[in-house]
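Okay, here's what each chain looks like letter by letter:
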Amino acid sequence: MNSIEKVKAGDAHLAVAVAGTGAALLLVHGFPLDRTMWRQLEGTDGWMRIAPDLRGAGQSDVPASGYTMTRYADDLVAVLDALGARRAVCCGLSMGGYILFELWRRYPERIRALILCDTKSEADTAEGKRGRDELAATARDAGVGAVAERLVPKLVGRTTRAENPALVETVRTMVQRSPVAGVVGALQAMRDRADATPRLVEVAVPTLIVVGAEDELTPPAVVRPMVDRIPGARYAEIPGAGHLAPLERPGPFNSAVAEFLSILE
Ligand code: MLT
């Protein structure tokens, strides 16, 4: 059972699901998704699980402009403040991970530990930036349904595509209900994000890096180098999962997270 809080963050109100009691575990969703991707709201007992809809996603407000990694990170601080959490274990999937790198750069004192799922530290290449602009044009001209057509097959792994069509439909529905302005804003923010790689060596909190073995967007070969760069980082690969490992294989994902959380003081 979780409650939905409304949190004011700058010029937007954010919808935030909160479940359980204990130390704070912040769950930051990926693109173009919303907080309902986190099965962990139900599965991570002993923690206060906090899952916001980012601005422009889910039930949060959808400003017409102003989407940046800085803004998203400030929004997370507003969420933690509203819930009285001075520090949190911060878990982000893909774009959620990009936002956590920005949160760490600006507010390292708010982060107790990091869980980086199916994400990478590098900025977009020139070709990647062009791809963002093209996808934003598709969203504006053809709607989010066209974005879903393009992205959904890449978001879930081949095992999920073959064995769990209902989950594929859940993801498709989640993408299709994303507001166009939020999708376009997120694409601009990701396009313009900084490269976090050079500073990974400075990360001084316990860190777990998790990736689906079948992730086609940020495959293990892309994700793994972060393990060598972040001092003491741990690594877990989730078999049979693609880019949405926490949603596709919540059992093995939760086990990896529980083992990591058990080492925290
Ligand atoms: C995500 O899942 O958040 C996206 O794959 C991130 C991206 O497009 O770089």
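Just above sits the structure.
Calculation criteria
Residues numbered from 1 in each chain as written. Predicted model: local features only at pLDDT ≥ 70, side-chain atom pairs only at ≥ 80, totals over all residues. Heavy atoms only, no water. Phe/Tyr/Trp six-rings, centres within 6.5 Å; stacked < 30°, edge-to-face > 60°. Lys NZ or Arg CZ within 6 Å of the ring centre and 35° of its normal. Salt bridge = Lys/Arg side-chain N within 4 Å of Asp/Glu carboxyl O. Helix = DSSP H or I, 4+ residues; strand = E, 2+ residues; numbered from the N terminus. Buried < 20%, exposed > 50% of the residue type's maximum accessible area, 1.4 Å probe, protein only. Core = buried A, V, L, I, M, F, W, Y, C linked by side-chain atoms within 4.5 Å. Contact = heavy atoms within 4.5 Å. Axes fitted to C-alpha atoms, helices over the stretch in contact; angles between N-to-C directions. Parallel < 35°, antiparallel > 145°, perpendicular 65-115°, else oblique. Nonpolar A, V, L, I, M, F, W, Y, C, P; charged D, E, K, R; others polar. Lys, Arg positive; Asp, Glu negative; His and termini not counted. Polar contact = N/O pair within 3.5 Å; in protein donor to acceptor, adjacent residues only side chain to side chain.

Concerning the packing of aromatic side chains
Here is step 1: Evaluation of the coordinates by the stated rule reveals one aromatic pair.
Here is step 2: Taking the ring centre of Y98 as reference, the NZ or CZ of R193 above it sits at 3.7 Å.

Looking at the pattern of salt bridges
Here is step 1: Applying the stated rule across the entire model yields 17 salt bridges.
Here is step 2: A salt bridge links R158 to E214; the shortest N-O distance between them is 4.0 Å. A residue pair is termed long-range when its members are at least 10 positions apart, and R158 in helix α6 (residues 158-163) and E214 in the loop between β7 (207-212) and α9 (220-223) qualify at 56 residues.
Here is step 3: With relative accessibility at 54%, the residue R158 sits in the exposed group.

Regarding the nonpolar core
Here is step 1: Grouped together as the largest cluster of nonpolar side chains are 99 residues, with contacts concentrated most on M95 and I115.
Here is step 2: With eight residues, the single largest contributor to this core is helix α2 (residues 69-82).
Here is step 3: Residue contacts for I115: discarding those within four places in its chain leaves L25, V89, C90, C91, G92, L100, L208, V210, V257, F260 and L261.

Regarding the packing of α2 against helix α3 (residues 95-106)
The description of two helices packed together rests on the angle between their axes and the distance between the axes.
Here is step 1: Relative to each other, α2 and α3 sit at 75 degrees, their axes nearing to 8 Å. In terms of their interaxial angle, α2 and α3 are classed as roughly perpendicular. Across the interface between the two elements, M69, T70, Y72, A73, D74, L76 and V77 of α2 pack against M95, Y98, I99, L100, E102, L103 and R106 of α3.
Here is step 2: Here the residues of the contact of α2 with α3 sort into ten nonpolar, one polar and three charged.

Considerations on the side chain of D215
Here is step 1: Residue position: D215 is located in the loop between β7 and α9.
Here is step 2: Salt bridges are absent for the buried D215, whose nearest opposite-charge side chain, R161, sits at 9.2 Å.
Here is step 3: Engagement of the side chain of D215 in a polar contact is seen with the backbone nitrogen of L217, the distance being 2.8 Å.
Here is step 4: In this structure the side chain of D215 is engaged in a polar contact, spanning 2.9 Å, whose partner is the side chain of H243.
Here is step 5: Each residue touching D215, except ones within four places of it in the same chain, is listed here: D118, P220, A241, G242 and H243.

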